[in-house]
Amino acid sequence: MVAPPDNDVLWARALTYAYGGSPALTGVSLGVQEGEILAVSGPRGSGKTTLLRCLSGQLLPDSGEVWFNSSPIHTMSTLARERLRCERFGWIGPEPCLVPELNAWENAALPLLLRGTRRKSAKHAAHEWLDRLDIGDCARSRPAALLQAQRQRVAVARALAAAPDILFADEPTAPLRGPDREQVLRTITTAARSHGITVVLTGHGTEADALVDRSVSLIDGRRSGSVPAHHAEGSAACSVSV
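Residues numbered from 1 in each chain as written. Predicted model: local features only at pLDDT ≥ 70, side-chain atom pairs only at ≥ 80, totals over all residues. Heavy atoms only, no water.

A. Up close: the overall build of the protein. The number of helices and strands found in the protein is seven helices and 10 strands. Residues classed as buried in the protein amount to 50% of the 242 residues present. Nonlocal contacts in the protein, meaning residues at least 24 apart in sequence, comprise 68% of its contacts between residues at least 6 apart. Carbon and sulfur atoms form 50% of the exposed surface of the protein, whose accessible area is close to 11200 Å². (Helix = DSSP H or I, 4+ residues; strand = E, 2+ residues; numbered from the N terminus. Buried < 20%, exposed > 50% of the residue type's maximum accessible area, 1.4 Å probe, protein only. Contact = heavy atoms within 4.5 Å. Areas by Shrake-Rupley, 256 points an atom, 1.4 Å probe, with all protein chains shown as cover.)

Pasting the structure below:
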């Protein structure tokens, strides 16, 4: 087992993972520096979601290593990985996965409440992020009364209100269209920079290139390249469609 580089808050080496014998990741290595916003792109089925699930401790790789700071996630117990995800990581998926019995602000505050944060403080943080995502007036509405785009914004608020060290965002704008996609992506990246949150996000194309520090791509479960954000800014900054 090799210790990760000192300047990487998240580091993976030679990750492999297969579903029922079908390879999803093959020898993927990746380092993410503290405060960096990294985009992982690639077509459907390229292994993006599997990579994020391995990096965040939701899946244990078949082989390879995943480190968070100096802690080897790949050797942690199930309970330790659950605690890490609760206390240090945030997750936004392509579907909001809200608790139907809770209203919007309670859903957004849920990770904080599970940590033992006082209800008043958790409510304040939830309302702050719901307001920043322009759905503050939905705070008392339950998920069934919200539009799909509103439910996804609640899921984004839930992840950001918890102030994670690392935010994993797996196609976070998938249910959104047009201006909604742009606003949510900009809210995530702006929040990350102002709060020092490291972000690893996925997408199909170049829609986030103008907002991230670096982009890597996967093809058939393998790394196919790494592009610094400034390399793409000349074209992406003027034509980005998010």
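B. Layout of the environment of Arg13. As for its position among the elements, Arg13 is in strand β1 (residues 8–19). In this structure the C-alpha to C-alpha distance between Arg13 and Ser29, which are 16 residues apart in sequence, comes to 4.2 Å.

C. Structural context of the pairing of strand β8 (residues 198–203). In terms of burial, β8 is largely enclosed, as six of its six residues are buried. Neither face of β8 is left uncovered, since the one carrying Thr198, Val200 and Thr202 and the one carrying Val199, Leu201 and Gly203 both have all their residues buried. Across five bridges, the pairing between strand β3 (residues 37–41) and β8 is parallel. Along β8, the bridge assignment pairs Ser41 with Gly203. Pairing analysis gives five bridges linking strand β7 (residues 166–170) to β8, with the strands arranged parallel. Bridge assignment links Ile166 to a residue of β8, and that residue is Thr198. Tracing the backbone out of β7, into helix α6 (residues 179–195) and back to the parallel element β8 gives a crossover that is right-handed. (Pairing = 2+ DSSP bridges. Right-handed = clockwise from strand over helix to strand, strands pointing away.)

D. Just helix α3 (residues 104–115), in detail. Residues of α3 that are buried include every one of Ala104, Trp105, Glu106, Asn107, Ala108, Ala109, Pro111 and Leu112, and no others. Along its buried surface, α3 packs onto α4 (119–132) and α5 (148–161). The backbone nitrogen of Trp105 has a side-chain oxygen 3.2 Å away, supplied by the residue at the start of α3, namely Asn103. Just downstream of α3, Gly116 is the residue with a positive phi angle, here 100°. (Polar contact = N/O pair within 3.5 Å; in protein donor to acceptor, adjacent residues only side chain to side chain.)

E. Local environment of the pattern of salt bridges. The tally for this structure, following the rule as stated, stands at seven salt bridges. Between Arg13 and Glu65 there is a salt bridge whose closest N-O contact spans 3.0 Å. In this pair, Arg13 sits in strand β1 while Glu65 sits in strand β4 (residues 63–68), placing the two residues 52 residues apart along the sequence. By relative accessible area, Arg13 is classed as partly exposed at 33%. With relative accessibility at 5%, the residue Glu65 sits in the buried group. The shortest N-O distance in the salt bridge between Arg193 and Asp213 comes to 3.1 Å. Pair noted here: Arg193 is in helix α6 and Asp213 is in the loop between β8 and β9 (214–219), with a separation of 20 residues, a long-range link. Under the relative-accessibility criterion, Arg193 is labelled partly exposed at 45%. (Salt bridge = Lys/Arg side-chain N within 4 Å of Asp/Glu carboxyl O.)

F. How the structure looks around the sheet that holds strand β5 (residues 71–72). Across the sheet, four strands lie side by side as β2-β1-β4-β5; this open sheet has antiparallel pairing. Since the sheet does not close on itself, it has two edges, and those belong to β2 (22–33) and β5, each with one partner. Judged from the five bridges that link them, β1 and β4 form a sheet pairing that is antiparallel. Considered in β4, the bridge of Thr16 is made with Ser63. Packing against the sheet, helix α1 (residues 48–55) makes contact with β1, β2 and β4, and its axis sits at approximately 125° to β1. (Axes fitted to C-alpha atoms, helices over the stretch in contact; angles between N-to-C directions.)

G. Quick look at the packing of α3 against α4. Two numbers describe how α3 lies on α4: the axes approach to 8 Å, and their chain directions differ by 125°. Considered as vectors, α3 and α4 are oriented oblique to each other. Note that α3 runs across α4; the crossing there is right-handed. Contacts from Ala104, Trp105, Glu106, Ala108, Ala109, Leu112 and Leu113 in α3 reach Arg119, Ala122, Lys123, Ala125, Ala126, His127 and Leu130 in α4. Looking at side-chain class alone, the contact of α3 with α4 contains 10 nonpolar, one polar and three charged residues. (Parallel < 35°, antiparallel > 145°, perpendicular 65-115°, else oblique. Left-handed = near helix turned anticlockwise from the far one by under 90°. Nonpolar A, V, L, I, M, F, W, Y, C, P; charged D, E, K, R; others polar.)

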